[in-house]
Amino acid sequence: MKQYFKLVRDRIPEIIEADGKTCVCKTLSDEDYISLLDQKLNEELAEYQESKSLEELAGLLEVMWAVVKARGWTLEELEQVRADKAAKRGGFEKKILLKEVQG
């Protein structure tokens, strides 16, 4: 038996059971869910930074979408905030490295 305390994707329990194993799960409170989503963001970011794979980047995006919804926002609101910030401060396309500011 292996023990976990880990937020997993919705289909993981059925995948485990389809493999002939049993698992014990519980439904989290909203507060615990958001807390574990924040931990999951760090986990997914670390996995992407190690692998640099598109699959891990997609996992990070999936968790970000879950955080948006769990906090009561919409994906449209997220995109609007991103677009507004990009319009005011720019994106990252020019690859600018700020080295120094004087005065």
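Check the entry above for the structure.
Predicted, not measured: the structure shown is a model, and the values here were computed from it.

(A) Focus on the packing of aromatic side chains. Tallying each qualifying case throughout the model produces zero aromatic pairs. Just above the ring of Tyr48 sits the side chain of Lys52; from NZ or CZ to the centre is 5.9 Å.

(B) How the structure looks around the environment of Thr74. Tracing the backbone shows Thr74 in the loop between helix H3 (54-70) and helix H4 (75-89). C-alpha separation for the pair Thr74 and Leu37, spaced 37 residues apart in sequence, amounts to 16 Å.

(C) View of the side chain of Glu44. Within the fold, Glu44 resides in helix H2 (residues 30-51). There is no salt bridge for the buried Glu44, and the closest opposite charge comes from Lys40, which lies 4.1 Å off by N-O distance. Apart from the residues lying within four places of it in its own chain, the contact partners of Glu44 are Glu56, Gly59, Leu60 and Val63.

(D) The packing of H2 against H3, seen in detail. Contact geometry for H2 and H3: axes closest at 8 Å, N-to-C directions at 160°. Classified by the interaxial angle, the pair formed by H2 and H3 is roughly antiparallel. Handedness of the crossing formed by H2 with H3: left-handed. Residue-level contacts link Tyr33, Ile34, Leu37, Asp38, Lys40, Leu41, Glu44, Leu45, Glu47, Tyr48 and Ser51 of H2 to Glu56, Leu57, Gly59, Leu60, Val63, Met64, Ala66, Val67 and Ala70 of H3.

Reading the values: rules and limits
Residues numbered from 1 in each chain as written. Predicted model: local features only at pLDDT ≥ 70, side-chain atom pairs only at ≥ 80, totals over all residues. Heavy atoms only, no water. Phe/Tyr/Trp six-rings, centres within 6.5 Å; stacked < 30°, edge-to-face > 60°. Lys NZ or Arg CZ within 6 Å of the ring centre and 35° of its normal. Helix = DSSP H or I, 4+ residues; strand = E, 2+ residues; numbered from the N terminus. Buried < 20%, exposed > 50% of the residue type's maximum accessible area, 1.4 Å probe, protein only. Lys, Arg positive; Asp, Glu negative; His and termini not counted. Salt bridge = Lys/Arg side-chain N within 4 Å of Asp/Glu carboxyl O. Contact = heavy atoms within 4.5 Å. Axes fitted to C-alpha atoms, helices over the stretch in contact; angles between N-to-C directions. Parallel < 35°, antiparallel > 145°, perpendicular 65-115°, else oblique. Left-handed = near helix turned anticlockwise from the far one by under 90°.

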